[in-house]
Structures are given as structure tokens and as C-alpha cells.
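# Overview (structure and organization)
Spelled out from the first residue to the last, the chains are:
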Amino acid sequence: MRLIIHKDYAAASRWAAAYIADRINAFASGDRPFVLGLPTGSSPLGIYREFIRLRKEGNLSFARVVTFNMDEYVGLPPDHPQSYHRFMQDNLFSQMDVKTENAHILNGMAADLAGECEAYEAAIAAAGGIDLFLGGMGVDGHLAFNEPGSSLQSRTRIKTLTQDTKFANARFFGGDPRQVPSTALTVGVGTVMDAREVLIIVNGHNKARALQAVVEGGVNHMWTLSCLQTHRRAIIVCDEEATDELKVSTVRYFKDIEKAAGSYSG
């Protein structure tokens with residue numbers, strides 16, 4: 001697992017966006033499209049803004065990209081202001097050249113929610129698997145809606161949201177946690193771990209305790225993102241504030257590795 005440390009969120013977002021763009025562009029002349037997993041929430045917004053900038057400059061195209069989003073609330077129609085369908089449209093898809101049929105998001109209004117989850121896994125497999133899964137991390141170390149205690153072998157499924165998650169997401173629902181849906185559809189930890197590459201962006205002091213557990217602690221289902229310790233190609237990109245709980249020697253170690261490789265810029 002690589003830990004790439006940048007001075008601030010803007011620099012971390014630029015690095016992550018450029019890294020993913022390089023991966024996509026390397027596939028441009030390939031036999032199949034690039035399959036990209038995408039998150040919602042505040043963490044990826046800087047990366048999405050960079051994607052849009054790169055596209056406007058002619059340096060990135062989603063014309064041969066197939067996307068699979070991590071999750072969606074149950075009971076919110078796609079046009080609901082807080083649905084993740086709407087989030088992706090507003091913050092990325094409307095300004096990229098992604099084909100509608102290539103953008104996959106779980107349907108929280110499906111009559112058969114379990115069947116929707118099974119079909120999603122099948123669609124990922126039919127696409128050839130996910131080449132790179134981009135994600136964020138919750139303050140409790142969770143990934144997508146795989147909250148503390150989730151199985152590290154889990155697949156796409158229905159999840160009941162904890163009160164902590166509802167309180168954290170209440171800012172998007174007028175500050176009222178009672179308005180946050182109680183269930184969601186989410187890819188599993190195992191689904192993300194199947195990706196050929198995983199890149200997680202982490203920023204802010206409020207994520208520092210979780211990042212310390214994920215990087216310096218053992219693999220633990222109470223800190224679901226710690227699963228990345230066993231992934232063959234995982235990267236966490238963070239700002240300096242997120243490293244506040246890491247040992248000085250840990251920070252120095254990861255910075256030295258990236259400097260030696262010629263890819264670190266603070």
C-alpha cells in the first residue's frame with residue numbers, strides 16, 4: 001500500500017486526478033474501455049473538478065470509460081436533489097463525455113433490491129472487472145456504506161445506516177438526520193478489493209484517527225478501509241492534516257519512498 005502525502009487537499013486532488021487520467025489515457029488505444037469505480041460525497045469533488053478541467057483542455061476523455069458508482073440511497077428517485085444519481089450528474093457527468101449507457105449507478109427504487117445488487121455484481125463482471133476504484137474514507141474508517149463491523153468479504157448489498165452516518169450526512173438534508181434514508185445499496189468491501197487498483201483520497205484532521213488505524217493498525221473489520229493493507233495495488237492520497245495522528249517515522253517513511261521513486265511532490 002502506498003501513502004502519498006501532499007500539502008493540502010487541492011494538491012492531493014490534482015495528483016489523484018492526474019494519476020487516474022494517465023491510467024485512462026493509457027487505455028485509449030486498447031481493445032476494451034477503462035472500467036472506473038466512482039464515489040460520491042465531498043472527498044472526490046476536487047478530483048472531479050480536475051477531471052472536468054482536463055477534459056476542457058483536451059487531455060482527458062470519458063468516451064471509452066465505463067463507470068460504476070459505489071452506492072445509492074434506498075427510496076430516493078434519480079432526480080431527487082440528494083440522490084447519488086443527481087450528485088454524479090451535477091458534479092461530473094454533465095460536463096464529461098461519458099456515454100449514458102456506460103454510467104452505472106445502483107437503483108434505490110428497484111422493486112427487487114436484492115436482485116438489483118446481484119445484477120450490479122454481474123454487470124461489473126460482464127464489463128471485465130473494475131480497473132481502478134476511486135473512493136473516499138469516512139471519519140470512522142468506512143468505505144462506501146461498509147460501516148464498522150462490515151465483512152471484509154462483503155459484496156453489493158442492502159445496508160442499514162448507523163445513526164452516526166445519518167448524523168454525518170444530515171448536512172445534505174437540511175441538518176435533519178431524520179430526513180436521511182435509513183438504508184442504502186452499496187458495493188461490498190470484497191467488490192472494491194476485486195478491482196485491479198484502488199485509490200482512496202483522504203483529507204482533513206477529522207480523518208486523522210481513522211487514517212492512523214488504517215495505516216498503522218492491523219487489518220480490522222471495525223476499520224473497513226484497513227482492508228487495503230492486503231490489496232496488491234492500493235494507494236491512499238492524503239493531505240498533511242490527515243496525517244496528524246501518524247507517527248513521525250511513518251510519515252517520513254512514506255515520503256522517502258515517494259521521493260526515491262521520483263513521484264512525490266509535497
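Summary of the structure given here. (Residues numbered from 1 in each chain as written. Predicted model: local features only at pLDDT ≥ 70, side-chain atom pairs only at ≥ 80, totals over all residues. Heavy atoms only, no water.)

Spatial strand order, β4-β8-β7: three strands in an open sheet with antiparallel pairing. The sheet terminates laterally at β4 (71-73) and β7 (157-160), the two strands that pair on one side only. The average angle at which neighbouring strand axes cross in this sheet is 30°, direction not considered. Across the sheet, helix α4 (residues 113-126) is in contact with β7 and β8 (183-186); its angle to β7 comes to roughly 125°. (Pairing = 2+ DSSP bridges. Helix = DSSP H or I, 4+ residues; strand = E, 2+ residues; numbered from the N terminus. Axes fitted to C-alpha atoms, helices over the stretch in contact; angles between N-to-C directions. Contact = heavy atoms within 4.5 Å.)

Quick look at the sheet that holds strand β6 (residues 132-136) now. With parallel pairing, the seven strands of this open sheet are ordered in space as β1-β10-β9-β6-β2-β3-β5. Looking at the sheet topology across the chains shown, the edges are occupied by β1 (2-6) and β5 (103-104). Strands β1, β2 (34-38), β3 (65-69), β6, β9 (198-202) and β10 (234-239) of the sheet are contacted by helix α1 (residues 9-26), whose axis makes an angle of about 165° with β9.

The next point concerns the pattern of salt bridges. In this structure the tally under the stated criterion is 12 salt bridges. Here Arg53 ties to Glu57 by a salt bridge, and the two come within 2.9 Å at their closest N and O atoms. The class for Arg53 is partly exposed, based on a relative accessible area of 35%. The partner of Arg178 in a salt bridge is Asp176, with the nearest N and O atoms 3.0 Å apart. On the basis of relative accessible area, Arg178 is assigned to the exposed category, the value being 71%. (Salt bridge = Lys/Arg side-chain N within 4 Å of Asp/Glu carboxyl O. Buried < 20%, exposed > 50% of the residue type's maximum accessible area, 1.4 Å probe, protein only.)

A regular strand places its side chains on the two faces of the sheet in alternate fashion. Counting buried positions along β2 gives five out of five residues, so the element sits mostly inside the fold. A two-sided burial pattern is seen for β2, the buried positions comprising Phe34, Leu36 and Leu38 on one face and Val35 and Gly37 on the other. In this structure, β2 lies alongside β3, joined through five bridges in parallel fashion. Of the residues in β3, the one forming a bridge with Phe34 is Val65.

Taken as a whole and assessed by the stated rule, the structure comprises zero disulfides. A disulfide-free cysteine, Cys117 has its sulfur positioned 19 Å from the sulfur of Cys227, the nearest such atom. Since its relative accessible area comes to 3%, Cys117 is described here as buried. Cys227 provides the cysteine sulfur closest to Cys238, a residue in no disulfide bond, and the two sulfurs are 17 Å apart. (Disulfide = S-S within 2.5 Å.)

What follows deals with the packing of α1 against helix α2 (residues 45-56). Their axes nearest at 8 Å, the elements α1 and α2 cross at an angle of 55°. If you check the angle between α1 and α2, you find them oblique. Crossing of α1 against α2: the hand is right-handed. Facing Tyr9, Ser13, Arg14, Ala16, Ala17, Ile20 and Ala21 of α1, the residues of α2 in contact are Leu45, Gly46, Ile47, Arg49, Glu50, Phe51 and Leu54. A per-class count over the contact of α1 with α2 returns nine nonpolar, two polar and three charged. (Parallel < 35°, antiparallel > 145°, perpendicular 65-115°, else oblique. Left-handed = near helix turned anticlockwise from the far one by under 90°. Nonpolar A, V, L, I, M, F, W, Y, C, P; charged D, E, K, R; others polar.)

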